[in-house]
Amino acid sequence: MFSKLFNTLAESDRVSQQSRAEWLQLATQGAEFLRMHAADANGHHYFSLTRSGQPLIAPYSIFSDCFAAMAFAQFYKASGHDWAKQLAIQTFDNIEHRKQQPKGQWAKAVPGSRPFRGLSVYMIDMNLCVEMKEGIPELDVRKRIENNIDIVMADFLDQEHGYFRENISNVAEAEDTYEGRLINPGEQP
């Protein structure tokens, strides 16, 4: 958060040099803490940690990976530390590999039951791409964004009713179930 604050407001005339230095120092402490404690041996990021860095909640979703990648990209932009850039890109790549099974071993669905894909994975991935590009300008995210847009518009948009479905079957069909009837009121075509 302090990296984003630093990057957003550091050039403002209304922000003192002392505040900028403090924000960068806080951003450094946060990024170092994340680097040391936030990921498991596979590079998947825990959802919650104690103040001392002990995991509280398993890395059950790629959402915590997305937030970590955004944080490292913003810290790289603020500090220029190459390790932050490498961690951001590594995490970004891991997310792409996990997208088809975003919860991995922690998926709640019973094997063989109704398989669904969720809109939220594609939406956060597009947001992640924008944040990554802001932090690491040379990173080419265009193809990944276009692929996400294609999937969202072709599979999740219910053209007949003009809304996005939150969940669809693996064959891109709406199902007459609770999950299949769930629509996303925050997204409009």
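Presented here is a report on the structure given in the accompanying data block. (Residues numbered from 1 in each chain as written. Predicted model: local features only at pLDDT ≥ 70, side-chain atom pairs only at ≥ 80, totals over all residues. Heavy atoms only, no water.)

### Quick notes on the overall build of the chain
Point 1. Each helix and strand counted, the chain has seven helices and seven strands in total.
Point 2. By residue count, 39% of the 189 residues in the chain fall in the buried class.
Point 3. Across the chain, the fraction of contacts at a sequence separation of at least 24, relative to all contacts at a separation of at least 6, is 55%.
Point 4. A total of about 11300 Å² of accessible surface is found on the chain, and carbon and sulfur atoms cover 53% of it.
Point 5. Of the side chains in the chain, 19 bear a positive and 25 a negative charge, and the two mean positions are spaced by 3 Å. (Helix = DSSP H or I, 4+ residues; strand = E, 2+ residues; numbered from the N terminus. Buried < 20%, exposed > 50% of the residue type's maximum accessible area, 1.4 Å probe, protein only. Contact = heavy atoms within 4.5 Å. Areas by Shrake-Rupley, 256 points an atom, 1.4 Å probe, with all protein chains shown as cover. Lys, Arg positive; Asp, Glu negative; His and termini not counted. Charge placed at Lys NZ, Arg CZ, Asp CG, Glu CD.)

### Points about the pattern of salt bridges
Point 1. Summed over all chains, the structure comprises 13 salt bridges.
Point 2. Across the pair Glu 134 and Lys 4 runs a salt bridge whose closest N-O atoms are separated by 3.3 Å. With Glu 134 in helix α5 (residues 119–135) and Lys 4 in helix α1 (residues 2–9), this residue pair connects regions lying 130 residues apart in the sequence.
Point 3. The exposure class of Lys 4 is partly exposed, given its relative accessible area of 30%.
Point 4. In this structure, the salt-bridge partner of Lys 99 is Asp 125, at a minimum N-O distance of 2.9 Å. With Lys 99 in the loop between α4 (82–98) and β3 (116–118) and Asp 125 in helix α5, this residue pair connects regions lying 26 residues apart in the sequence.
Point 5. We classify Asp 125 as buried; its relative accessible area is 0%.
Point 6. Each of Lys 4, Lys 77, Glu 131 and Glu 134 takes part in one network of salt bridges that share partners. (Salt bridge = Lys/Arg side-chain N within 4 Å of Asp/Glu carboxyl O.)

### Overview of the state of the cysteines
Point 1. According to the stated counting rule, one finds zero disulfides in the structure shown.
Point 2. No disulfide involves Cys 66; its sulfur sits 9.0 Å from the nearest other cysteine sulfur, which is in Cys 129.
Point 3. With a relative accessible area of 0%, Cys 66 lands in the buried category. (Disulfide = S-S within 2.5 Å.)

### As for a nonpolar patch on the surface
Point 1. On the surface, Phe 47, Leu 56, Ile 57 and Phe 67 cluster together to form a nonpolar patch covering roughly 380 Å² of accessible area.
Point 2. With respect to the helices and strands, the residue Leu 56 is situated in strand β2 (residues 55–57). (Patch = residues over 30% accessible without salt bridge, like charges linked within 9 Å, V, L, I, M, F, W, Y side chains within 5 Å.)

### As for the nonpolar core
Point 1. In this structure, Phe 92, Leu 128, Met 132 and Ile 136 are the most contacted members of the largest nonpolar core, which totals 24 residues.
Point 2. Listed by contribution, the elements that provide at least two residues to this core are α2 (17–37), α3 (62–79), α4 and α5.
Point 3. Sort the elements by how many residues they give to this core and α3 lands first, with nine residues.
Point 4. Among all residues touching Leu 128, those that are not within four sequence positions of it are Cys 66, Ala 69, Met 70, Phe 92, Ile 95 and Arg 144.
Point 5. Core analysis: the second largest hydrophobic core is formed by nine residues, Leu 119, Met 126, Leu 157 and Phe 164 among them. (Core = buried A, V, L, I, M, F, W, Y, C linked by side-chain atoms within 4.5 Å.)

### Re α2
Point 1. Between its terminal C-alpha atoms α2 stretches 30 Å, which fits the 30 Å expected from 21 residues at 1.5 Å a residue.
Point 2. Those residues of α2 lying buried are Arg 20, Trp 23, Ala 27 and Ala 31. The buried residues of α2 occupy an angular sector of 65° when the element is viewed end-on, so they sit on one face. The exposed set on the far side of α2, more than 90 degrees from its buried face, consists of Gln 18 and Met 36.
Point 3. On the buried face of α2, the contacting elements are α1, α3 and α4. (Expected span 1.5 Å × (residues − 1). Arc of directions from axis to C-beta.)

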